[in-house]
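Single-letter residue listing:
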4 protein chains.
Amino acid sequence: MALNVGLVGYGYWGPNLARNFSLNKGCVLATICEMSPKRAQQAKTAYPNAKVTERYDDLLEDSSLDAVLIATPVSTHYELCRRALEAGKHVFVEKPFTQFAGQAEELVNLADKKKLTLAVDHTFLFTGAVRRIRDDVKSGNLGDILYIDSVRINLGLFQSDVNVIYDLAPHDISILCYLIDEDPVSISAHGATFGLSEFESVAYLHLTYPSGMVAHFHMSWLSPVKLRRTIIGGSQKMIVYDDLDQFDKVKIYDKGVSVKAGDIEALRQALVDYRSGDMVAPHLDRREALALEADDFLSAIVEKRAPISDGRLGLRVMRILDGAQRSIASDGRKVTLP
Amino acid sequence: MALNVGLVGYGYWGPNLARNFSLNKGCVLATICEMSPKRAQQAKTAYPNAKVTERYDDLLEDSSLDAVLIATPVSTHYELCRRALEAGKHVFVEKPFTQFAGQAEELVNLADKKKLTLAVDHTFLFTGAVRRIRDDVKSGNLGDILYIDSVRINLGLFQSDVNVIYDLAPHDISILCYLIDEDPVSISAHGATFGLSEFESVAYLHLTYPSGMVAHFHMSWLSPVKLRRTIIGGSQKMIVYDDLDQFDKVKIYDKGVSVKAGDIEALRQALVDYRSGDMVAPHLDRREALALEADDFLSAIVEKRAPISDGRLGLRVMRILDGAQRSIASDGRKVTLP
Amino acid sequence: MALNVGLVGYGYWGPNLARNFSLNKGCVLATICEMSPKRAQQAKTAYPNAKVTERYDDLLEDSSLDAVLIATPVSTHYELCRRALEAGKHVFVEKPFTQFAGQAEELVNLADKKKLTLAVDHTFLFTGAVRRIRDDVKSGNLGDILYIDSVRINLGLFQSDVNVIYDLAPHDISILCYLIDEDPVSISAHGATFGLSEFESVAYLHLTYPSGMVAHFHMSWLSPVKLRRTIIGGSQKMIVYDDLDQFDKVKIYDKGVSVKAGDIEALRQALVDYRSGDMVAPHLDRREALALEADDFLSAIVEKRAPISDGRLGLRVMRILDGAQRSIASDGRKVTLP
Amino acid sequence: MALNVGLVGYGYWGPNLARNFSLNKGCVLATICEMSPKRAQQAKTAYPNAKVTERYDDLLEDSSLDAVLIATPVSTHYELCRRALEAGKHVFVEKPFTQFAGQAEELVNLADKKKLTLAVDHTFLFTGAVRRIRDDVKSGNLGDILYIDSVRINLGLFQSDVNVIYDLAPHDISILCYLIDEDPVSISAHGATFGLSEFESVAYLHLTYPSGMVAHFHMSWLSPVKLRRTIIGGSQKMIVYDDLDQFDKVKIYDKGVSVKAGDIEALRQALVDYRSGDMVAPHLDRREALALEADDFLSAIVEKRAPISDGRLGLRVMRILDGAQRSIASDGRKVTLP
């Protein structure tokens, strides 16, 4: 039997959620909550069978509603999530999850306690490119992951309320958390404002991991060229993921170096073995990421399992963003994570 | 009248110096000093009119010799330079200038005292690409320089005696020092060895400047793809310099953002002006960089002026490399420069 | 006062016309004619203020209607255009204009006689890229145009009723006719079916012009890579137009060769002068092409001038397509055009 | 026991032959014939153990000499080859083989009669890229070869004695003949001079084959951009060979279309199956092509087998060039080959 879902927020992203959930056979888009009369009217026209309301409580008080989709400004996420969970609703909330990591943690615990499904919308995780990369990482094809280096730069719209890290990094950090199970032990972040804004418009993030892996992120609103490129260096294979490549977004290189364990003298002689083989650009699934994500959320409710992009992953992302802010605030000092 | 020059070291780079100086009408390649009998024989065959010797003192004691070109291993640079300067010879020495910044400083002072010309071979400064970029920076075409971001990565040969910074960064740092007159106030460097070597094989360098400019360098021996790309962000225009582009190495973008001075409220409203205009890839001079560099060194001697790549520039490069090493050694802590 | 327009055909392309004309302040989308009940219902929902009918005569008999937009299958174009013109309506018709050049000629003459505006929808002519290229050609910046070479290939959908020329060439040929005023004197066309279809899936077209200019087109449904690239070689400058380049679609090269008139002996000695200067990728207007095209059609009616993509240009395109078909049918023989 | 070889012509290409054959353990470079005193002196300096002469007869009369390498202007090839073969020497001759196909045929027959090895230097056939492509074609990996499309254009040096076809096409045509065993049945060639030269500076070549395969070549000295790209379309897989790609010259696409035999009704319905799979850029052998070619020639003599680039392949290339000239001369008329 199909689940009943209600959507709150029919602004920039809400219509995308409405479209994808309404097309999904596993649910009925029963209610849309929107306070702007103009947008409420647009919702009514597009979804004549849905009830449109300006009262969030109408969703919470409706016992036939199974889940709530939250697409409102980030400053409201914590409150709306909390109330929905307390009302016994499963929750699907836009990224960024919350304003502070502490709020995210509280929501994860609340969902656990109430045995409810909590998902954070990190759409990139459901693209054919990222799913394929994860398969290769998880299967061990790449060997040990040594580093992840990501560049996300362009001449971007300055945000009036957040810096370039909060604007651009959530994409890359959610992908990082999806690919790598361990969490970083330290974060160093460097940024610059150039007097153009009170917030950083260029930033670099450096993370270190217990395993020795490092991750580095370069974000900018001030680049003359647009780049979206992540390199994942494994001991066996390496991947270059270029999201702007129209044809071959993912390239898997059979390239690497190796050294025999304990061979310290060899190291001194630079006796590292190189391997340079074929490159493969796999055919990628082109289905719409958001449709797959909606499907995963609904199935997770039915199957009583965690969704792929669950609150825990959202919390891991928030902790890294929090650490980055603290390092920026202390002028690039290394911040240790618990 | 042509100057007489002597070359010490006929190994990897020495033959390039011999060829370019021997073709220059401003000098005569009079003597070549090389200790390996095999290489000495090669030098004799290639330059039958030059005297070939294994004694460095033969160069220093020859009063007809005006200048010495030093193309020996870096550990010998300081000693060979010092002795040549003390013997009254002008000096052209391979990069890296010396092992330590203190040695470089001593040599610069010695050359000053003896009124001799001292040049460090940073060949990249003489390429058509870098000369064109410098023209644009110096003419003010780019406006204020906000940042320089450089990536120099590939699957590289691990060095047995230095880390990836000493191997790859001198190119980018000499270009940086050539473009920008001010010196950095702090350096943070992060690196990783991945157990593959005792030295870092991946490294990131972050420099801050009194003007607010920042510079960032990414170097790696562990990338599946080769990249050589520098972005120079100005307040008026921005440049992308891709040294691997066979046709258009330098692209100048009429792109930027601006904000009125003191317009703090505007900042809060994100009222930044964007400008997106034409891109120009200028035709570049394709003459051989090393030939131009030889010419500059010889002219500088005759004209009693500093060469473009003089000891001072070499010293500025060494101070940044020194700072990077100290930051790496203290686990990424920010190192303040005097 | 706004013009009243009626649209016939609400299938694949019709909704795009409806959207662009309905947003244009110069007209009112008064009527939509569509025979499929399902699509008629979609039209009614999207344009509640428009009258929706299944009778084409409702448009022709409505004396308040100034113009008819035709977005039906090509086999119906001639008949629907003719009847609209005879009913005194201005006409905007989808490409390809008609099935045969003779039909196109008849319609152009009819519009002339009735003093009505007749436009053929060649949307590409209104892109920022093509408008910029035309400016350069018309201003004489490129010098004499020597050749145009166009490649439009990909792994394409085989059409059941036309060959690859009719499917892909109209884009390139309409651009050619827009850039170049003269018409070709001969056409040679080569094609191959590979037993995959009764129609050609790969084709090459070669056109010669009175001025000595040549044009060449390569079209394919069987290429593993997608290419959309036109080179325009002028005696002064040359342009490369790559429609798949996300950032710099048009590149203008200050490159060329020249030879002094009458210098026959010089020719024998290959004394051709080369010039290799800057490349400029101009900033292009990014407004939607179809919106500009709608605007041009409506203004042309009001100003009683020919629209940019008028029936004459449509006829020139049809004559080239006709010639190509005749050459293909005679196994590549050169077909002379009047 | 090593073969003795003599070289005639120490101009532009001769030194490359001298270097590669002198480094080969299978032969001794015994004699060099060069008429220019200056070049003869250069040969003497570089190969002090070789005899240097200005008389070609010194090579032919030397009974210890097994083979002659010919690197003289093309107008002398026929005569020098013929005399060497008549003197009982194996022959390795620069491309283009001869001036006319008839001469090439005579030389092939003469070598057969004398049981001597005759090779034409088509160096491209020995590159890692072309050898890899041939492996895929010959193994059947690509399925049936449907078409070959090759583009070789740049702003090139106008030749004073030949058109762009003779200058640029031999590379592509020798590759074509190496990949495909069948010979074309017809050639159509179109060219244009633009008044810049008495010879064509832009040309297009269209070849048809008994199997239905087509081959098309675009050559130009008048392109603002340099392109070296060949697409090989197979019924199973397709290859793009971009000789200017520094990293992935060969890309093999698992893409194609297929249709069931005899399924005529399906054709009318456009029921063609598409397949879009992975792309593989294989690691290529980077050994120097000319060294491998020298090795193949010497081994062929010893093993009494035909070399890879034998006179027969050279003759096939000449026949296509001849046909192209005849088609150009008759204004693009299709020329039938025997």
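Predicted model only: the values in this text are computed from it and were never measured.

Undergrad: Describe unusual backbone geometry, naming the residues involved and giving the relevant values.
TA: Backbone geometry follows two general trends: most residues other than glycine have a negative phi, and most peptide bonds adopt the trans configuration. Cis geometry marks the peptide bond from Lys 95 of chain B to Pro 96 of chain B, where omega comes out at -5°. Backbone geometry at Lys 304 of chain A places phi at a positive 50°, although glycine is not the residue there. Here Lys 304 of chain A is to be found in the loop between helix H9 (289-303) and helix H10 (311-329). A relative accessible area of 77% places Lys 304 of chain A in the exposed class. One non-glycine residue with positive phi stands out, namely Phe 194 of chain C, at about 55°. By the secondary structure assignment, Phe 194 of chain C is in the loop between strand E8 (186-192) and strand E9 (202-208).

Undergrad: Tell me what's going on with the environment of Ser 330 of chain D, and back it up with residues and numbers.
TA: The residue Ser 330 of chain D is located in the loop between helix H10 (311-329) and strand E15 (335-336) in this model. Separated by 328 residues in the primary sequence, Ser 330 of chain D and Ala 2 of chain D have C-alpha atoms spaced 51 Å apart.

Undergrad: Mind laying out the relation of the copies chain C and chain B, listing which residues take part and the relevant values?
TA: Superposition of chain C onto chain B requires a rotation of 180° combined with a translation of 0.0 Å along the rotation axis, giving an RMSD of 0.0 Å. In the structure described here, the two chain copies are related by an operation that fits a two-fold rotation axis. When each C-alpha of chain C is compared by its distance to the rotation axis, Val 280 of chain C comes out closest, at 2.2 Å. Residue by residue, 100% of the interface of chain C is reproduced at the interface of chain B, so both copies engage with the same surface.

Undergrad: Lay out the interface of chain B and chain A in plain terms, naming residues and giving numbers.
TA: Taken residue by residue, the interface counts 48 residues in chain B and 48 residues in chain A. For the chain B and chain A pair, buried surface summed over both sides reaches about 4300 Å², with 68% attributable to carbon and sulfur atoms. Residue Lys 334 of chain B is joined to Asp 331 of chain A by a salt bridge in which the shortest nitrogen-to-oxygen separation is 2.8 Å. The tally of links from chain B across to chain A stands at nine residue pairs in polar contact (both at pLDDT 80 or more). Among the elements that line the side of chain B that touches chain A, the one with the most residues is strand E11 (residues 222-234) of chain B, at seven residues. Of the residues that constitute the side of chain B that touches chain A, the class distribution is 25 nonpolar, 15 polar and eight charged.

Undergrad: Could you give an account of the side chain of Thr 72 of chain C, naming the residues involved and the relevant values?
TA: All names here are of chain C. Its place among the elements puts Thr 72 in the loop between strand E4 (67-70) and helix H4 (77-86). Among the polar contacts made by the side chain of Thr 72, one reaches the side chain of Thr 76 at a distance of 2.6 Å. Look past the residues within four positions of Thr 72 in its chain and what remains in contact with it is Val 8, Gly 9, His 77 and Leu 80.

Undergrad: Explain the sheet that holds strand E6 (residues 118-121) of chain A residue by residue, including any values.
TA: All names here are of chain A. Read across the open sheet, the six strands follow the order E3-E2-E1-E4-E5-E6; overall the sheet is parallel. Looking at strand neighbours, the two that pair on one side only are strand E3 (51-53) and E6, the edges of this open sheet. Within this sheet the neighbouring strands show an average axis-to-axis angle of 20°, counted without direction.

Undergrad: Residues and numbers for the pattern of salt bridges, please.
TA: The full count for this structure, using the stated rule, is 72 salt bridges over all chains. Taking the shortest distance from any N to any O, the salt bridge between Arg 55 of chain B and Glu 61 of chain B comes out at 3.6 Å. Overall, Arg 55 of chain B belongs to the partly exposed group, its relative accessible area being 39%. Between Arg 55 of chain C and Asp 58 of chain C there is a salt bridge, with its nearest N and O atoms 2.2 Å apart. Through salt bridges that share partners, Arg 55, Asp 57, Asp 58, Glu 61 and Arg 83 of chain A make up one connected network.

Undergrad: So what's going on with the packing of helix H4 (residues 77-86) of chain B against helix H5 (residues 101-114) of chain B? Residues and values would help.
TA: All names here are of chain B. Their axes nearest at 10 Å, the elements H4 and H5 cross at an angle of 10°. Comparing their axes, H5 and H4 come out roughly parallel. For the pair H4 and H5, the contacting residues are Tyr 78, Cys 81, Arg 82, Leu 85 and Glu 86 in the first and Gln 103, Glu 106, Leu 107, Leu 110, Ala 111 and Lys 114 in the second. A per-class count over the contact of H4 with H5 returns six nonpolar, one polar and four charged.

Undergrad: Give a detailed account of the interface of chain C and chain B, specifying residues and quantitative values.
TA: Facing the ten residues of chain C at the interface are ten residues of chain B. For the pairing of chain C and chain B, the buried interface totals around 850 Å² over both sides, and the portion due to carbon and sulfur atoms is 46%. Of all residues in chain C, Asp 278, Met 279 and His 283 of chain C bury the most surface against chain B, accounting for 52% of the area lost on that side. Seen at the junction of chain C and chain B, the total is zero salt bridges. Taken together, chain C and chain B are joined by six residue pairs in polar contact (both at pLDDT 80 or more). Sort the elements by how many residues they give to the side of chain C that touches chain B and strand E14 (residues 273-281) of chain C lands first, with six residues. Broken down by class, the residue content of the side of chain C that touches chain B amounts to five nonpolar, three polar and two charged.

Undergrad: Tell me about H10 of chain A, and please be specific about residues and values.
TA: For H10 of chain A, built from 19 residues, the straight-helix expectation of 27 Å at 1.5 Å per residue is met to within 8% by its first-to-last C-alpha distance of 27 Å. Trailing H10 of chain A by a residue or two, Asp 331 of chain A shows a phi angle of about 60°, which is positive.

Undergrad: I'd like a description of the sheet that holds strand E1 (residues 3-8) of chain C, backed by residues and values.
TA: Residue and element names in this part refer to chain C. Read across the sheet, six strands follow the order E3-E2-E1-E4-E5-E6 without closing on themselves; strand pairing throughout is parallel. Only two strands of the sheet have a single neighbouring strand rather than two, namely strand E3 (51-53) and strand E6 (118-121). Strand-to-strand twist of the sheet, defined as the mean angle between neighbouring strand axes without regard to direction, takes the value 20°.

Undergrad: Describe the state of the cysteines, listing the residues and the values that go with them.
TA: Here the structure, examined in full by the defined rule, presents zero disulfides over all chains. You can see Cys 177 of chain C has no disulfide; the closest cysteine sulfur is in Cys 81 of chain C, sitting 18 Å from it. Under the relative-accessibility criterion, Cys 177 of chain C is labelled buried at 2%. Cys 33 of chain D provides the cysteine sulfur closest to Cys 81 of chain D, a residue in no disulfide bond, and the two sulfurs are 14 Å apart.

Undergrad: Requested: an account of the pairing of strand E2 (residues 27-33) of chain C, with residues and values cited.
TA: All names here are of chain C. Burial analysis of E2 places six of its seven residues in the buried class, which makes it a mostly covered element. Both E1 and E2 contribute to a ladder of six bridges, which runs parallel. From the neighbouring strand, Asn 4 faces E2, where its bridge partner is Val 28. Note on the crossover from E1 through helix H1 (residues 14-23) to E2: the handedness is right-handed. Here E2 runs beside E3; their pairing, made up of three bridges, is parallel. Among the inter-strand pairings, Thr 31 is bridged to a residue of E3, identified as Lys 51. This β-α-β element, E2 to helix H2 (residues 37-46) to E3, shows right-handed connectivity.

Undergrad: Which residues make up the packing of aromatic side chains, and what values go with them?
TA: Considering all chains together, one arrives at 20 aromatic pairs over all chains under this definition. Centroid distance Phe 21 of chain C to Phe 297 of chain C: 6.3 Å. Interplanar angle 80°. Geometry classified as edge-to-face. Of this pair, Phe 21 of chain C sits in helix H1 while Phe 297 of chain C sits in helix H9 (residues 289-303), and the two are 276 residues apart along the sequence. Accessibility assignment for this pair places Phe 21 of chain C and Phe 297 of chain C in one class, buried. Arranged with centres 6.3 Å apart and planes meeting at 40°, the rings of Tyr 147 of chain C and Phe 194 of chain D form a pair that is tilted. Note that Tyr 147 of chain C is positioned in strand E7 (residues 145-155) and Phe 194 of chain D in the loop between strand E8 (186-192) and strand E9 (202-208), a pairing that runs across two chains. By relative accessible area, Phe 194 of chain D is classed as buried at 17%. Three or more aromatic residues joined by ring pairs make a cluster, and in this case those are Phe 21, Phe 92 and Phe 297 of chain A. If you follow Arg 152 of chain A out to its NZ or CZ, it ends over the ring of Phe 124 of chain A, 5.2 Å from the centre.

Criteria and cut-off values
- Residues numbered from 1 in each chain as written.
- Chains lettered and ligands numbered in written order.
- Predicted model: local features only at pLDDT ≥ 70, side-chain atom pairs only at ≥ 80, totals over all residues.
- Heavy atoms only, no water.
- Helix = DSSP H or I, 4+ residues; strand = E, 2+ residues; numbered from the N terminus.
- Buried < 20%, exposed > 50% of the residue type's maximum accessible area, 1.4 Å probe, protein only.
- Least-squares fit on C-alpha atoms with pLDDT ≥ 70 in both.
- Contact = heavy atoms within 4.5 Å.
- Buried area = accessible area lost by both parts, 1.4 Å probe.
- Salt bridge = Lys/Arg side-chain N within 4 Å of Asp/Glu carboxyl O.
- Polar contact = N/O pair within 3.5 Å; in protein donor to acceptor, adjacent residues only side chain to side chain.
- Nonpolar A, V, L, I, M, F, W, Y, C, P; charged D, E, K, R; others polar.
- Pairing = 2+ DSSP bridges.
- Axes fitted to C-alpha atoms, helices over the stretch in contact; angles between N-to-C directions.
- Parallel < 35°, antiparallel > 145°, perpendicular 65-115°, else oblique.
- Expected span 1.5 Å × (residues − 1).
- Disulfide = S-S within 2.5 Å.
- Right-handed = clockwise from strand over helix to strand, strands pointing away.
- Phe/Tyr/Trp six-rings, centres within 6.5 Å; stacked < 30°, edge-to-face > 60°.
- Lys NZ or Arg CZ within 6 Å of the ring centre and 35° of its normal.

Distances and angles like these do not, on their own, reveal function.
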